[in-house]
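Listed here are the chains, written in short residue letters.
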Amino acid sequence: MSKTLLCPCEDVTETEIAHAIAKGFRDIESVKRYTGFGTGMCQGKQCQVAVARFLRTHGDPQAPQKPFTSRPPYVATELRGWASLPLDPEAPIPTGVPPQHSLSSAAGAELEPLPTHADVVIIGAGILGLSLAYNLALRGAQRVAVLDESYLCAGASGRNGGGVRAQWGTKNLIELAARSIELMKRFAQDTGINVWFRQGGYLLLAKSERFADRLMKSTEIQRGMGIRTEILTPQQAQQHVPEMDLEGVRLGAHNPNDGVIFPWPLLWGYAQEARKRGATVSNFTSVQGFSVSEGMVRVVRTNRGDISCDRVVLAAGAWSPKIAAMAGVQLPNVPKRHEICSTEPLKPFLKPLVSVLDSGLYFSQSLRGEIVGGLGDPEEPPGINLASSARFLIRYARALTSLMPQVATVKVLRQWSGPYDTTPDNLPVLGAAPELPNLFHLSGFVGYGLMMAPAIGERMASWMVEGSADELFDRYSVERFASGSLEPEELVIG
């Protein structure tokens, strides 16, 4: 192979595409994520055909290569331009620009054989399912099979900003997040894969008395558990990011051990290590139903064949309720779209991830210099929606340029969306389904599954393999919604 550039914007060469093929990434969406081609200023306009041709020549010559999903805005546009556009607060939420292609397309993918039996079938190869598979295999579990309807990183785990924080308001989530931070710091040592974890801290800002009070209370809990969070005056908060306009901010909170991770290598690392230890990870494999007898799941039916099983773990995120219903199990989870965007790269200036709790605005700067951020929409209707909307860019641009006026002329390069897997109390659903004791829930993480995944995979694998008691799986059982024994609602950013 040669160093001939196939993607001039991101300096991706033929050698790098060949390396991705050797790693098993044969479909164009997976190769895009592995190499970064098509994510620069031209958004693939100059390179996509050349890469597709290379995949046809050096991958599977018989496999068609569908183009990857284009990301709006189709022309890089300044933030101030979006912020100046009108926004009708009474108008219904638009569906936005839909993705061009199905997430489940297997064009160009080379599929490994599907096992006919597994001791544990994990449905969903997102970060939660893969972390569990790795930890089960690490503890000696035999015949672990992970199923996913699309390529790695296609779902919510590949569509988030990568924030990792221990600043939570409940002891269980603080404990899980702090442990995950420990595991992420040593992930490269354990797996040989760099996940670019950088601990620049989280800077949370509160404008209203309500959110200021919550910050004070949660910080007290965190400090009691050894977390280094500090309450800051607006003047102290501005020392972390001098470019901010903190008019109206009452106080802030900062934990220097929080940070940002690159999500995709984290998934690849768990998948790689799980496979090394005997687990199978079957992509482009959609669950179509279950065979249930004598109160147990006996067979998982897929588009590629049936798998008999002893236990099933439902870790499909926002898709979990639909799959659970195939087995006659009801989940209270509700999917909601969350949009996010990235700008052109800037000289590094922003160390912490910043969030304004009142509006839900959050943003950080990547190692390549882009500002990556999002903004939740309280009016967003429920449902799986992977489209992108101008409404989001208008609201996000207004919030960001109000806090950081200096970035008004920075151009938005691309935007995307992913589904939050929400629950009534913003807390996860874990443990066995009352209707089917060998069906286990691992869902409902409301956008923070990535930052909890290393620790929750470790805890759940120990619980399943060793059979030891763990109050986590009782506390967050789905039965709490029927009994009314809910936890205080957790504060979710975005």
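Just so it is clear, the structure is predicted and the values come from calculations on it, not from any experiment. (Residues numbered from 1 in each chain as written. Predicted model: local features only at pLDDT ≥ 70, side-chain atom pairs only at ≥ 80, totals over all residues. Heavy atoms only, no water.)

A.B. asks: Before we go on, may I ask you to explain the overall build of the protein chain in this structure?
C.D. replies: Within the protein chain, the regular secondary structure consists of 15 helices and 21 strands. For 494 residues, the compact-globule estimate of 2.2 N^0.38 gives 23 Å, and the C-alpha radius of gyration of the protein chain, at 22 Å, lies within 12% of that figure. Based on the C-alpha atoms only, the size of the protein chain along its principal axes is roughly 60 × 60 × 45 Å. Across the 494 residues of the protein chain, 58% fall into the buried class. Counted over contacts in the protein chain with a minimum sequence separation of 6, partners at least 24 positions apart contribute 75%. (Helix = DSSP H or I, 4+ residues; strand = E, 2+ residues; numbered from the N terminus. Rg over C-alpha atoms; globule rule 2.2 N^0.38 Å. Buried < 20%, exposed > 50% of the residue type's maximum accessible area, 1.4 Å probe, protein only. Contact = heavy atoms within 4.5 Å.)

A.B. asks: Mind showing me how you'd approach the packing of helix 1 (residues 14–22) against helix 2 (residues 28–35) here?
C.D. replies: Two quantities define a packed helix pair, namely the angle between the helix axes and the distance between the axes. Running from amino to carboxyl end, helix 1 crosses helix 2 at an angle of 120°, the nearest separation of the two axes being 10 Å. One way to sum up the angle between helix 1 and helix 2 is to call them oblique. Read as a crossing pair, helix 1 and helix 2 show a hand that is right-handed. Across the interface between the two elements, Glu16, Ile17, His19 and Ala20 from helix 1 touch Val31, Tyr34 and Thr35 from helix 2. Along the lines of polarity and charge, the residues of the contact of helix 1 with helix 2 split into four nonpolar, two polar and one charged. (Axes fitted to C-alpha atoms, helices over the stretch in contact; angles between N-to-C directions. Parallel < 35°, antiparallel > 145°, perpendicular 65-115°, else oblique. Left-handed = near helix turned anticlockwise from the far one by under 90°. Nonpolar A, V, L, I, M, F, W, Y, C, P; charged D, E, K, R; others polar.)

A.B. asks: Any chance you could explain the packing of aromatic side chains here in plain terms?
C.D. replies: For any pair of aromatic rings, geometry is given as the distance between the ring centres together with the angle between the planes. In the structure shown here, the tally under the stated rule is twelve aromatic pairs. With 5.8 Å between their ring centres and 80° between their planes, Phe445 and Tyr448 make a pair best called edge-to-face. In this pair, the class of Phe445 matches that of Tyr448, namely buried. One aromatic cluster in this structure is built from Phe25, Tyr34, Phe262, Trp264 and Trp268. When the ring centre of Trp168 is taken as reference, the NZ or CZ atom of Arg165 above it lies at 3.6 Å. (Phe/Tyr/Trp six-rings, centres within 6.5 Å; stacked < 30°, edge-to-face > 60°. Lys NZ or Arg CZ within 6 Å of the ring centre and 35° of its normal.)

A.B. asks: Would you explain a nonpolar patch on the surface in this entry?
C.D. replies: A contiguous nonpolar surface patch, about 300 Å² in accessible area, is contributed by Trp196, Phe262 and Leu367. Structurally, Phe262 can be placed in the loop between strand 10 (259–260) and helix 10 (263–276). The class of Phe262 is partly exposed, set by a relative accessible area of 32%. (Patch = residues over 30% accessible without salt bridge, like charges linked within 9 Å, V, L, I, M, F, W, Y side chains within 5 Å. Areas by Shrake-Rupley, 256 points an atom, 1.4 Å probe, with all protein chains shown as cover. Salt bridge = Lys/Arg side-chain N within 4 Å of Asp/Glu carboxyl O.)

A.B. asks: For this particular structure, what's the right way to read the environment of Asn172?
C.D. replies: Tracing the backbone shows Asn172 in helix 6 (residues 171–185). Residues Asn172 and Tyr151, 21 residues apart in the sequence, show an inter-C-alpha distance of 32 Å. Not counting residues up to four positions away in its chain, the partners in contact with Asn172 are Glu471, Leu472, Arg475 and Tyr476.

A.B. asks: Teacher, can you tell me more about the environment of Glu78 here?
C.D. replies: Along the chain, the position of Glu78 falls in strand 3 (residues 77–78). Assessed through its relative accessible area of 24%, Glu78 is described here as partly exposed. Excluding its chain neighbours within four sequence positions, the residues that come into contact with Glu78 are Ala408, Thr409, Val410 and Lys411. In this structure the side chain of Glu78 is engaged in a polar contact, spanning 2.6 Å, whose partner is the side chain of Arg80. (Polar contact = N/O pair within 3.5 Å; in protein donor to acceptor, adjacent residues only side chain to side chain.)

A.B. asks: It is not clear to me how helix 1 should be interpreted in this structure. Could you clarify?
C.D. replies: A turn of α-helix holds 3.6 residues, and therefore any two residues three or four places apart point the same way. Along helix 1, the residues classified as buried are Glu14, Ile17, Ala18, Ala20 and Ile21. Take helix 1 and look down its axis: the buried residues cluster within an arc of 155°, on one side only. Of the residues trailing helix 1, Gly24 is marked for its positive phi of about 100°. (Arc of directions from axis to C-beta.)

A.B. asks: Honestly, unusual backbone geometry in this entry has me stumped. Any pointers?
C.D. replies: Phi is mostly negative for residues that are not glycine, and the peptide bonds are mostly trans. Of the consecutive residues Pro72 and Pro73, the connecting peptide bond is found in the cis state with omega at -5°. Phi at Cys153 takes a positive value of approximately 80°, unusual for a residue other than glycine. When you line up the elements, Cys153 lands in the loop between strand 5 (144–147) and strand 6 (163–164). Judged by its relative accessible area of 2%, Cys153 falls in the buried class. One non-glycine residue, Trp196, lies in the positive phi region at around 55°.

A.B. asks: Honestly, the sheet that holds strand 8 (residues 230–232) in this entry has me stumped. Any pointers?
C.D. replies: Each strand in a sheet pairs with another by means of backbone hydrogen bonds, the pair being arranged parallel or else antiparallel. With mixed pairing, nine strands are arranged side by side in an open sheet as 3-19-15-18-17-16-7-9-8. Here the strands that pair on one side only, and so sit at the sheet edges, are strand 3 and strand 8. One ladder, built from three bridges, connects strand 15 (residues 334–343) with strand 18 (residues 371–374); its direction is antiparallel. Of the residues in strand 18, the one forming a bridge with Cys341 is Gly373. Running at roughly 70° to strand 17 (residues 361–365), helix 12 (residues 390–403) makes contact with strand 7 (202–206), strand 15, strand 16 (353–356), strand 17, strand 18 and strand 19 (411–422) of the sheet. (Pairing = 2+ DSSP bridges.)

A.B. asks: It is not clear to me how helix 10 should be interpreted in this structure. Could you clarify?
C.D. replies: The end-to-end C-alpha separation of helix 10 is 20 Å, in line with the 20 Å expected for 14 residues at 1.5 Å each. Judged by how many residues are buried, helix 10 sits mostly within the fold: eleven of 14 residues are covered. Tucked into the core, helix 10 has its buried residues touching helix 2, helix 5 (127–138), helix 6, helix 7 (187–191), strand 11 (280–282) and helix 13 (449–466). Note on helix 10: the residue one or two positions beyond its end, Gly278, has a positive phi of about 105°. (Expected span 1.5 Å × (residues − 1).)

A.B. asks: Is there a simple way to explain the nonpolar core in this structure?
C.D. replies: In globular proteins that are soluble, nonpolar side chains generally tend to be buried together. Residues Ile17, Phe37, Ile122 and Leu442 are the most contacted members of the largest nonpolar core, which totals 95 residues. For this core, the element with the most residues is helix 13, which contributes ten residues. Other than its neighbours up to four places away in sequence, Leu442 contacts Leu128, Leu132, Val313, Leu314, Ala315, Val429, Leu430, Ile456 and Met460. In this structure, Ala83, Leu350, Leu403 and Val412 belong to the second largest nonpolar core, which totals 31 residues. (Core = buried A, V, L, I, M, F, W, Y, C linked by side-chain atoms within 4.5 Å.)

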